[in-house]
Amino acid sequence: MSGLRVAVIGSGPAGVYAAAALTRAGNVEVDVLDRLPAPYGLVRYGVAPDHVKMKSVDVALRRILEDPAVRFLGNVEVGTDITRDELTTYYDAVVFATGAAVDRRLGVPGEDLPGSFSATEFVAWYSGHPDAELDLFTLQATHAVVIGVGNVAVDVARVLTKKADVLAGTDVPGHVLDVLAASAVTEVTMLGRRGPAYARFTTKELRELGEIAGSDIIVDPADLELSEQEEADVAADRTLRANLEVLRDWSTRTPEGRPRRLRIKFWLRPAEVLGSAAVSGFRAERTRLENGKLVGTGSVVDFPAQLVLRSVGYRVVPPANLPLDPDTGTVPHDGGRVLRDGTPMPGMYVAGWLKRGPTGIIGTNKKDANETVRHLLADLAERAPIEQAEDHHDAVEAWLRERCPDLVDQEGWEAIDAHERERGEPHGRPRVKVVDRDHFIELSRR
Ligand SMILES: Cc1cc2nc3c(=O)[nH]c(=O)nc-3n(C[C@H](O)[C@H](O)[C@H](O)COP(=O)(O)OP(=O)(O)OC[C@H]3O[C@@H](n4cnc5c(N)ncnc54)[C@H](O)[C@@H]3O)c2cc1C
Ligand SMILES: NC(=O)c1ccc[n+]([C@@H]2O[C@H](COP(=O)([O-])OP(=O)(O)OC[C@H]3O[C@@H](n4cnc5c(N)ncnc54)[C@H](OP(=O)(O)O)[C@@H]3O)[C@@H](O)[C@H]2O)c1
């Protein structure tokens, strides 16, 4: 097998790990396309800024993009700027790794009132995502409610509760730091619709909530009483056991009157975002399990709130007319080979959250991408590479530049990356992020 050309769509961990697996096979050229001018997907625009070690995964991802057989081509949206059919004329195979960035809805009245946001919007804002409005959050609210008890809910609750100065050494953009420094938020309440035995957060992440300087953590011991079934489920799972241990410890603490309070409450499901012109509160209905099914009790509790952050997970929206399996909520596939009506679509593959759905940590995407690439290479070994012009490399770039005049190529991204890191260095920060699309383009052309 020689001279294969593969396009990877999406430069998050799944896409970049797929590129690494392809280059390990040898004799494969990989173009990694992304709709954003900067690579790394949720590593850059999702992982919380204070998780500095986790964020430094970008160093390993950068090395992969620096491989001479790989090039990054940013600011190209597949399905909008270029089509799937066009890709098949330039590449032997296409690996889609576009993630699952669309937030799920609550489906309750008042969800769209001013002051009610998805965690996705808050995360994009504090991460300096180029699509996020700079002044989307003012944090004039004193009371915030976070819906959901997964790790993203933990991230947003922590960022809301932490003092701004402890984030100053991170890559949080300056305009975000200013708002966080002036934040009026004093009460943050996280609501889980089921009990603590079924919370989705992991223990390391949970534990951090109890270590925030200037904030009391408050858990109601009554919420931690478990049914026989819950006891058994907790006993069978190491993470759940450790979570319960942490929560029980907190439930015995007496608040010390610190400036901020973070409450975690369970058995409360969303009923309504209250308010007329803007959010003024959040109504939740008490719940219980009946034969393993979550049911409402009819009894409601109102929480004062001027800010509501909905952190109830993500969903896949397949790009470029790829199929969606309504049962799994993902692109139907067999080990990464995209299936339409049960039949493989030649040359089409998926990896990462697009393939598995919106769960799993960064590392999960490596094994997942490796599986996809193994099948891709096995398939391509069975057929001849497509006919390509000698100047394929330049032809692709010319085609993309014609469609996307603001294309950010590998060199352009390296210039942006160097600029960001240089700006960060004197302040002991990993980087100072460029946030404005025009600024990205300007730097990429220098
Ligand atoms: C808020 C948040 C915080 C997280 N924190 C952690 C953490 O601390 N530690 C951890 O291990 N995991 C964390 N995760 C999970 C981790 O980020 C995911 O497992 C991982 O990013 C999924 O990788 P992916 O490549 O499938 O998707 P993504 O990282 O979402 O990458 C998808 C890429 O595709 C691009 N794209 C989308 N559509 C198109 C298109 N049409 N054309 C071209 N490009 C497109 C996007 O711009 C993006 O760059 C977090 C997740 C979230 C949501
Ligand atoms: N530091 C890290 O490692 C890190 C950080 C962030 C994210 N991640 C990973 O990224 C993935 C996505 O995280 P996530 O937090 O978005 O998703 P998640 O783990 O699926 O959690 C979603 C939460 O929303 C709740 N929920 C869903 N629909 C709801 C509704 N209608 N009303 C009320 N609550 C509702 C869920 O409750 P139910 O359980 O009852 O459905 C759950 O508590 C996870 O795998 C996560 O571990 C990892």
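Scroll up to find the structure this text is about.
Residues numbered from 1 in each chain as written. Chains lettered and ligands numbered in written order. Predicted model: local features only at pLDDT ≥ 70, side-chain atom pairs only at ≥ 80, totals over all residues. Heavy atoms only, no water.

(A) Inspection of the site of ligand 1 at higher detail. Around ligand 1, the surrounding shell holds 31 residues, and the nearest of these are D34, L42, W353, G360 and I362. The backbone of A14 places a nitrogen or oxygen atom 3.0 Å from an oxygen atom of ligand 1. With respect to ligand 1, the backbone of L42 contributes an N or O atom lying 2.9 Å from an oxygen atom. Protein burial of ligand 1: of its 1,000 Å² of free accessible surface, 91% is covered by the chains. Residue assignment for the shell around ligand 1 shows that the elements contributing at least two residues are α1 (13-24) and α7 (151-161). (Near = heavy atom within 4 Å. Polar contact = N/O pair within 3.5 Å; in protein donor to acceptor, adjacent residues only side chain to side chain. Areas by Shrake-Rupley, 256 points an atom, 1.4 Å probe, with all protein chains shown as cover. Helix = DSSP H or I, 4+ residues; strand = E, 2+ residues; numbered from the N terminus.)

(B) Structural context of the sheet that holds strand β9 (residues 215-219). If you trace the 6 strands from one edge of the open sheet to the other, you get β6-β14-β7-β8-β10-β9, paired in parallel fashion. Since the sheet does not close on itself, it has two edges, and those belong to β6 (116-118) and β9, each with one partner. Neighbour-to-neighbour, the strand axes of this sheet turn through a mean angle of 20°, independent of strand direction. The pairing of strand β8 (residues 187-191) with strand β10 (residues 260-265) spans 5 bridges and is classified as parallel. In the strand pairing of β10, E187 is matched with R261. Taken strand by strand, helix α6 (residues 119-126) contacts β6 and β14 (307-310), and its axis lies near 75° from that of β6. (Pairing = 2+ DSSP bridges. Axes fitted to C-alpha atoms, helices over the stretch in contact; angles between N-to-C directions. Contact = heavy atoms within 4.5 Å.)

(C) Representation of the site of ligand 2 within the structure. Surrounding ligand 2, one finds 22 residues, the nearest of these being V149, R193, R194, R200 and G360. Side-chain polar atom of R193 to an oxygen atom of ligand 2: 2.8 Å apart, as the coordinates give it. Contacts to ligand 2 include R200, whose side-chain N or O atom sits 3.0 Å from an oxygen atom. Isolated, ligand 2 exposes 920 Å² of accessible area, and the fraction of that covered by the protein chains is 84%. No other element matches α7, which puts 3 residues into the shell around ligand 2.

(D) The packing of aromatic side chains, seen in detail. Enumeration over the complete set of coordinates arrives at 8 aromatic pairs. An angle of 15° between the planes, with centres 4.3 Å apart, marks the rings of Y90 and W399 as stacked. Residue Y90 is found in helix α5 (residues 84-90), and its partner W399 is found in helix α14 (residues 392-403); the two are separated by 309 residues along the sequence. The interplanar angle of 70° and the centroid separation of 5.0 Å between the aromatic rings of F122 and F137 together place this pair among those described as edge-to-face. (Phe/Tyr/Trp six-rings, centres within 6.5 Å; stacked < 30°, edge-to-face > 60°.)

(E) Region of the structure containing the layout of surface pockets. The calculated volume of the second largest pocket comes to roughly 220 Å³. What lines the second largest pocket is a set of 16 residues, among which K55, S56, D58, P430 and R431 lie closest to the centre. Elements that contribute at least two residues to the lining of the second largest pocket include exactly α2 (42-45), α3 (52-55) and α4 (57-65). Looking at the lining of the second largest pocket, the element that brings in the most residues is α4, giving 3 residues. For the lining of the second largest pocket, the class distribution of residues is 6 nonpolar, 2 polar and 8 charged. (1 Å grid on protein atoms, 1.4 Å probe; cavity = no way out; pocket = protein on both sides within 12 Å on 5 of 7 lines; lining within 4 Å. Points joined across faces, edges and corners; volume = space filled by probe spheres on them. Nonpolar A, V, L, I, M, F, W, Y, C, P; charged D, E, K, R; others polar.)

(F) Structural view of the nonpolar core. Formed by 46 residues in total, the largest nonpolar core has its most connected members in F122, L160, L209 and I264. By residue number, the principal contributor to this core is α7, which donates 6 residues. In this structure, I264 is in contact with M190, L206, L209, I217, I218, V219, D223, L247 and W250, ignoring residues within four places of it in sequence. With 44 residues, the next largest nonpolar core counts L4, V28, Y349 and L377 among its residues. (Core = buried A, V, L, I, M, F, W, Y, C linked by side-chain atoms within 4.5 Å. Buried < 20%, exposed > 50% of the residue type's maximum accessible area, 1.4 Å probe, protein only.)

(G) Quick look at the sheet that holds strand β3 (residues 70-74). If you walk across this open sheet you meet the 7 strands as β3-β2-β1-β4-β18-β17-β16, and the pairing is mixed. The outermost strands of the open sheet, each flanked by one partner alone, are β3 and β16 (333-334). Pairing of strand β1 (residues 4-9) with strand β4 (residues 93-96) involves 4 bridges; the strand directions are parallel. Residue pairing across strands places A7 opposite V94, the latter belonging to β4.

(H) Spatial organisation of the pairing of β9. Among the 5 residues of β9, 4 are classified as buried, and the element is accordingly described as predominantly covered. In the sheet, β9 pairs with β10 via 5 bridges, with the strands oriented parallel. Bridge pairing in β10 places S215 opposite R260.

(I) How the structure looks around the environment of W353. By secondary structure assignment, the location of W353 is in helix α12 (residues 353-356). Along the backbone, W353 and I9 are 344 residues apart, and their C-alpha atoms lie at a distance of 13 Å. When near neighbours in sequence (up to four residues on either side) are disregarded, W353 contacts L42, G99, A100, Y314, V316, P358, T359, G360 and N365.

(J) Focus on the side chain of H392. Position of H392 among the secondary structure elements: in helix α14. According to the relative accessible area criterion, H392 is buried, its value standing at 2%. Apart from the residues within four sequence positions on either side, H392 is in contact with R5, E29, Y90 and Y91.

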